[in-house]
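Fold and contact review
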Amino acid sequence: MLKRIKIKDLLKSETFDYEVNVKGWVRTKRGSKSICFIELNDGSILNNIQLIINIADFEEDLLRRISTGACISANGILVQSGGKNQGVEIQVNTIEIYGESDSESYPLQKKGHTLEFLREIAHLRPRTNTFGAIFRLRHAMSYAIHTYFHNNGFYYIHTPIITGSDAEGAGAMFKVTTLDLNAIPRKEDGKINYEEDFFGKETNLTVSGQLEAELGALALSLAYTFGPTFRAENSNTARHLAEFWMIEPEMAFYDIVDNMDLAEDFLKYLVNYALENCYNDLEFLNNLYDKELIERLKSVSANKFERLTYTEAINILEQSNQNFEFPVKWGVDLQSEHERYLVETHFNRPVILTDYPKDIKAFYMKRNEDDKTVRAMDVLFPKIGEIIGGSQREENYNKLIERINELGIHEKDVWWYLETRKYGTAPHSGFGLGFERLMLFITGMSNIRDVIPFPRTPKNAEF
Ligand code: 4AD
Ligand code: MG
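Residues numbered from 1 in each chain as written. Chains lettered and ligands numbered in written order. Predicted model: local features only at pLDDT ≥ 70, side-chain atom pairs only at ≥ 80, totals over all residues. Heavy atoms only, no water.

1. Points about the overall build of the protein chain
Assigned secondary structure in the protein chain consists of 13 helices and 16 strands. When each of the 463 residues of the protein chain is scored for burial, the buried share is 50%. The contacts in the protein chain between residues at least 6 apart in sequence include a share of 66% that link residues at least 24 apart. Surface accessibility of the protein chain: about 22,900 Å² in total, with carbon and sulfur atoms responsible for 49%. Placing the 53 positive and 68 negative side-chain charges of the protein chain at their respective mean positions leaves the two points 3 Å apart. (Helix = DSSP H or I, 4+ residues; strand = E, 2+ residues; numbered from the N terminus. Buried < 20%, exposed > 50% of the residue type's maximum accessible area, 1.4 Å probe, protein only. Contact = heavy atoms within 4.5 Å. Areas by Shrake-Rupley, 256 points an atom, 1.4 Å probe, with all protein chains shown as cover. Lys, Arg positive; Asp, Glu negative; His and termini not counted. Charge placed at Lys NZ, Arg CZ, Asp CG, Glu CD.)

Laid out in structure tokens, this is it:
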């Protein structure tokens, strides 16, 4: 038995004229009376390998059963090709069919499907060039994220997915329960009796691993979490998912400036990693979807991010004479149109905004002296808008209690978080990078549903 060789490795081969085994899915089959050509892809790389089949050497029925989408295993001689694009091809001796693919009904029989159509066949779209490239890049970025943190002395902490707390105070959470929805147990006052539920209390899917990552940082100094997070907001946009992945580093002894420095260095590392290790896939996406992709990646890597306060940004926006759909004034939350004006029109580079009004940010952010703003930082990117949200954390026990009370958060729900400010508190900071927002930027795709294998959005959880 010959050992299977991945197409990625075959295409790199510098030696020829020996027998190999290759396995993969048929992209196209064409030919003449005497010779048949099959383009085979196994997902290890964007490129196909060409199989050359001398028709006279095979049973007619076997070749007839091979069509686009079929999975085959072939043995043959690896030869140097005469064709202009390909270094190597295979002169096939034997073929085994693993799985036929009915050419009448196979949804990817033809090329050129719309991204909308491909979303409806999320179970098959990984077999297209586009999604092969995107998912290889997604893997590469995950690997680069862990590598970056590992190389910089961070420890990966696995924060829970089911939680009893609401980190962002957004109130848009998915409930987790095993109660019988047709016979909900109630207390005397009519409220649901969660004591009878699985955990004996109300629980939800997490919106962020930050609060637990902070516990890690306040012991290990540098910690990060990277996992799925869930938001039940009904926002049907090209930048929101109900289930998305988030990278959240948390650093003891870092102030907001250290936090910004880390965020900038981290993002540039990831962009450079993609440029250096995934150029083939990037070039494909650049040529097919976004002619400025590679230039934009290089530009982000080369330029220093602009840093200014929210208040300065509001002044710029007010003086911009732009007709924004959402009017700007001090105190409003910035919309994507405002963020993109700053990044794409005014500064023409990524922007980090700091010191937002406390009323539009979460309870845990460190209060500034002015009592109106907090040490928040959002990183805004071209084409994306907000890609990172973070802050220096409020480490002062009394100030944190005060804020929690102001916002009506129950101390008993976050007692464990508060205790870290009671016992050996420390200045610390952190941020959250939305992984799919990063993937939008890296791939140049314009809809977030196209950078995650199985998107979860309102009314959509088919696969
Ligand atoms: O700004 P957010 O809500 O911040 C937090 O959750 C903090 N706890 C992070 C931290 O400091 N550790 O979310 C962080 C990032 C956003 O900047 C955005 O990139 C992404 O997560 N994000 C989403 N991505 C896809 N779909 C959604 N619905 C998202 N909501 C936030
Ligand atoms: Mg945010």
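2. Quick look at helix α5 (residues 210–220)
Residues Gln210, Leu211, Glu212, Ala213, Glu214, Gly216 and Ala217 constitute the buried set of α5. Against β7 (162–163), β10 (222–230), β11 (243–252), α12 (415–422) and β16 (428–434) lie the buried residues of α5. Ser221 lies just past α5 and shows a positive phi near 70 degrees.

3. Quick notes on helix α10 (residues 336–347)
For α10, spanning twelve residues, the distance from its first C-alpha to its last is 15 Å, which sits close to the expected 16 Å at 1.5 Å a residue. In this fold, the buried residues of α10 make contact with β12 (306–309), α9 (310–318), β13 (351–357), β14 (373–381) and β15 (385–392). Looking one or two residues past α10, Asn348 carries a phi angle of roughly 60 degrees, positive in sign. (Expected span 1.5 Å × (residues − 1).)

4. Some points on the side chain of Glu395
Among the structural elements, Glu395 can be located in the loop between β15 and α11 (397–406). For Glu395, a relative accessible area of 17% corresponds to the buried category.

5. Examining the sheet that holds β12
Strand order in this open sheet of eight strands is β6-β10-β11-β16-β15-β14-β13-β12, and the pairing throughout is mixed. Where the open sheet ends on each side, the last strands, each with one partner, are β6 (155–156) and β12. By the bridge criterion, five bridges tie β15 to β16 in an arrangement that is antiparallel. By the bridge assignment for β16, Gly389 is matched with Gly432. Against the sheet, helix α4 (residues 129–151) engages β6, β10 and β11, with an angle of about 150 degrees to β10. (Pairing = 2+ DSSP bridges. Axes fitted to C-alpha atoms, helices over the stretch in contact; angles between N-to-C directions.)

6. A word on the pattern of salt bridges
For the structure on display, the rule yields 26 salt bridges. Among the ionic pairs, Asp9 bridges to Lys12, the shortest N-O distance being 3.7 Å. Remark: Lys12 and Asp9 occur in helix α1 (residues 7–12); sequence separation between them is three residues, near one turn of the helix. Classification of Asp9 by relative accessible area gives partly exposed; the value is 32%. Residue Arg340 pairs with Glu344 through a salt bridge whose shortest N-O separation is 2.8 Å. On the criterion of helical spacing, the pair formed by Arg340 and Glu344 is a turn pair, its members being four residues apart in helix α10. Given the relative accessible area of 25%, Arg340 is considered partly exposed. (Salt bridge = Lys/Arg side-chain N within 4 Å of Asp/Glu carboxyl O.)

7. Structural notes on the pairing of β13
Within β13, seven of the seven residues are buried, leaving the element largely enclosed by the surrounding structure. Two strands pair when backbone bridges link them, and β12 and β13 are joined in this way by four bridges, in the parallel orientation. For Thr309, the partnering residue across the bridge sits in β13 and is Thr354. Where β13 and β14 come together, six bridges link them in antiparallel fashion. Following the sheet pairing, Pro357 is matched in β14 by Thr373.

8. Let's talk about the sheet that holds strand β1 (residues 18–31)
Here we have five strands rolled up into a closed barrel, ordered β1-β2-β3-β5-β4, and mixed in their pairing. Taking the axes of each pair of neighbouring strands and ignoring which way they run, one obtains an average angle of 55 degrees across the sheet. In the sheet, strand β2 (residues 35–41) pairs with strand β3 (residues 49–54) via six bridges, with the strands oriented antiparallel. Note that in β3 the partner of Leu40 across the bridge is Ile49.

9. Topic: the pairing of β1
Examined bridge by bridge, β1 and strand β4 (residues 71–80) share eight bridges and lie antiparallel to one another. Each bridged residue has a counterpart across the sheet, and for Asn21 the counterpart in β4 is Asn75. Bridge analysis of β1 against β2 gives six bridges, and the strand direction is antiparallel. Bridging from a neighbouring strand, Val26 pairs with Leu40 of β2. What sits between β1 and β2 in their antiparallel hairpin is a turn of three residues.

10. Brief notes about the nonpolar core
Inside soluble globular proteins, nonpolar side chains tend to come together where they are buried. In this structure, Met141, Ile387 and Leu438 are the most contacted members of the largest nonpolar core, which totals 66 residues. Setting aside anything within four residues of it in sequence, one finds Met141 in contact with Leu270, Tyr273, Ala274, Phe435, Leu438, Met439 and Ile442. Core analysis: the second largest hydrophobic core is formed by 30 residues, Tyr341, Val343, Val351 and Ile404 among them. (Core = buried A, V, L, I, M, F, W, Y, C linked by side-chain atoms within 4.5 Å.)

11. Side note on the domain arrangement of the protein chain
Each assigned domain of the protein chain is listed with its residue range as follows: domain 1 (7–99) and domain 2 (125–172 + 207–450). Relative placement of domain 1 and domain 2: their C-alpha centres are 45 Å apart. Contact with domain 1, which involves eight residues of that partner, is made by seven residues of domain 2. Here domain 1 and domain 2 share an interface that buries about 630 Å² over both sides, 40% of which is from carbon and sulfur atoms. (Domains from an automatic or database assignment. Buried area = accessible area lost by both parts, 1.4 Å probe.)

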